[in-house]
Amino acid sequence: MATVALPDWTRAVVKVGSALVAPDDRGCSTTHLLPIARFVIQSRRQGKEVILVSSGAVAAGLAEQGRGGPGTLSIPERQALAALGQPLLMAHWRRLFDVPCAQVLLTYDDLQRRARFVNAKNTIAELLDRDTLPIVNENDTVATEELRVGDNDNLAAYVAVLAEADLLVICSDVDGLYTADPHDTPDAERLPAVDAITDEIYDMVGPSHRKVATGGMQTKVEAAEKATDRGIDTVLVNGTKGGHLDALGRGEMPGTLFRQAEQPLPARKHWMLHALPSAGRLTVDAGAADALRHEGASLLPSGIVAVEGRFARGDAVEIAVEKGGNWTRVAKGITQYGAADLERIQGRQSHAIAEVLDEAPADYVVHRDDLVVEA
Ligand code: GLU
């Protein structure tokens with residue numbers, strides 16, 4: 001098998017999971033952070049830019065309070081512990097670097113809403129211009145369940161997109177992506193490189209076993225999909241092995257490299273697909289699915305066979321085909337009609353829209369420019 005090398009990069013987001021910050025599920029430890037810090041310092045010396053995304057606020061808060069286990073936390077408890085632990089986490093990182101560290105706390109809303117996204121983007125650009133080290137975490141204290149990204153793997157991917165990074169490094173406690181869970185399947189093999197994140201790749205990963213960490217392999221693959229879709233190479237590396245970080249610093253590839261998509265999505269389509277939540281689902285017939293997939297068509301009301309969810313004009317919806325009770329997603333797009341209107345015009349020809357609804361702001365339901373078709 002040909003050796004896989006780390007592609008050249010100039011700006012990286014390095015995600016450090018709770019398993020590395022708090023190896024005993026409590027408090028902050030430097031055991032694994034020193035080699036990571038060394039990688040960051042060396043990369044910066046070479047003129048590259050680095051943004052850290054660090055977990056561990058809740059674990060640091062737990063250690064400070066010294067009571068309760070991570071598995072028994074209610075939402076307000078988690079939020080309070082994050083508030084307690086976040087400054088400790090920052091102080092912990094700060095000890096490892098000679099440059100100023102800047103705390104950036106984000107929620108899903110900041111990534112999903114254009115104005116806030118641009119604000120966050122400008123702030124990070126300014127911090128890099130000032131030669132500081134931005135350290136990002138989710139703003140756990142205010143992020144309620146619906147407004148959370150929920151795990152720092154996906155958060156790191158959003159940050160990589162926002163910061164226009166060309167590399168995402170996810171440091172975890174596993175050697176890379178395996179063909180099966182190596183805990184249960186001893187002959188599982190590590191994949192040195194993945195060219196495309198397909199359903200087979202998702203099938204290889206199972207849920208996380210750890211208590212403090214929110215992620216697991218699933219969220220790492222999701223993060224890799226988000227990043228590679230925008231043209232960002234993504235690396236999964238074992239941060240508990242200092243030698244692996246050093247190898248990465250020499251341009252070697254000790255973990256798994258998820259290669260950037262051959263045709264990365266433009267910013268708006270990437271945002272529609274990965275940041276905008278879906279408010280409902282339109283089931284379409286096979287002919288409409290085919291036209292969307294292969295002909296670059298807009299979605300017309302005639303192709304819609306079912307409407308699910310309560311959504312308004314301008315919301316994002318999934319577009320799927322159904323076969324024997326199983327739905328396959330065909331596309332995601334921004335609808336020109338709300339759910340109530342769509343229920344009345346589904347299956348009709350476009351010219352009938354005005355008769356049924358009294359007005360027809362568009363003769364399509366989702367315009368081709370507002371559609372992202374699944375690969
Ligand atoms: N934001 C959480 C924390 O700082 C961690 C989330 C995660 O590990 O994915 O504790």
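For every chain, the first residue of the written sequence is number 1, and numbering continues from 1 onward in sequence order. This being a predicted model, a pLDDT of at least 70 is required before a residue's local features are given, and a value of 80 or more before pairs of side-chain atoms are given or counted; all residues contribute to the totals for chains, interfaces and linings. No hydrogens and no water enter the side-chain calculation; it runs on all heavy atoms of the structure.

Trainee: Whenever I open this one, the packing of helix 7 (residues 152-162) against helix 9 (residues 217-229) confuses me. Can you help?
Mentor: For any two helices packed against each other, one specifies the inter-axial angle together with the distance between the axes. Two numbers describe how helix 7 lies on helix 9: the axes approach to 8 Å, and their chain directions differ by 10°. As summarised for this structure, helix 7 and helix 9 are arranged roughly parallel, according to the angle between their axes. Together, Asp153, Asn154, Ala157, Tyr158 and Val161 of helix 7 and Thr219, Lys220, Glu222, Ala223, Lys226 and Ala227 of helix 9 make up the contact between the two elements. The axes used here are C-alpha line fits, helices contributing only the stretch in contact, and every angle between their N-to-C directions lies in the interval 0 to 180 degrees. Secondary structure follows DSSP: runs of H or I at least 4 residues long count as helices, runs of E at least 2 residues long count as strands, and numbering of each begins at the N terminus. Relative orientations are named as follows: roughly parallel for angles under 35 degrees, roughly antiparallel for angles over 145 degrees, roughly perpendicular for angles from 65 to 115 degrees, and oblique for any other angle. The criterion used for residue contact is that any of the two residues' heavy atoms lie within 4.5 Å.

Trainee: So what exactly am I meant to see when it comes to the environment of His32 here?
Mentor: Residue placement: His32 occurs in the loop between helix 1 (18-21) and helix 2 (33-45). Each residue gets one of three labels from its accessible area relative to the maximum for its type: buried under 20%, exposed over 50%, partly exposed in between, using a 1.4 Å probe on protein chains only. Look at His32 and you get buried, because its relative accessible area is 13%. Through-space distance from the C-alpha of His32 to that of Val16 is 9.6 Å; in sequence the pair is 16 residues apart. When residues no more than four places from it in sequence are discounted, the contact partners of His32 are Ala19, Leu20, Pro23, Gly239 and Thr240.

Trainee: Which parts of the structure should I look at to understand the site of the ligand?
Mentor: Of all residues adjacent to the ligand, which total 10 residues, the nearest are Ser55, Ala57, Asn137, Asp140 and Asn152. A distance of 3.0 Å is found between an oxygen atom of the ligand and a side-chain nitrogen or oxygen belonging to Ser55. The side chain of Asp140 places a nitrogen or oxygen atom 2.8 Å from a nitrogen atom of the ligand. With residues, only the protein chains shown are counted as cover, and all accessible areas are computed by Shrake-Rupley using a 1.4 Å probe. Look at the ligand: alone it shows 300 Å² of surface, and the protein chains cover 98% of it. Each residue is assigned to one of three groups, with Ala, Val, Leu, Ile, Met, Phe, Trp, Tyr, Cys and Pro labelled nonpolar, Asp, Glu, Lys and Arg labelled charged, and all others, Gly among them, labelled polar. Its residues assigned to classes, the shell around the ligand comprises two nonpolar, six polar and two charged. We call a residue near a molecule or strand whenever a single non-hydrogen atom of that residue lies within 4 Å of it. N or O atoms closer than or at 3.5 Å make up a polar contact, with two conditions inside protein: a donor-capable atom paired with an acceptor-capable one, and, for residues adjacent in sequence, both atoms drawn from side chains.

Trainee: Even after reading the chapter, I still don't get the pairing of strand 12 (residues 326-334), so can you show me in this structure?
Mentor: Regular strands show a simple pattern: their side chains alternate between the two faces of the sheet. Here the rule is simple: two strands pair whenever DSSP picks up at least two bridges between them. Pairing analysis gives eight bridges linking strand 11 (residues 316-323) to strand 12, with the strands arranged antiparallel. Each bridged residue has a counterpart across the sheet, and for Ala320 the counterpart in strand 12 is Arg329. Between strand 11 and strand 12, which pair antiparallel in sequence order, lie two residues; one of them, Gly324, sits at a positive phi of approximately 55°. In terms of strand pairing, strand 12 meets strand 13 (residues 371-373) through three bridges, oriented antiparallel. The residue bridging Gly333 from the neighbouring strand is Leu371, located in strand 13.

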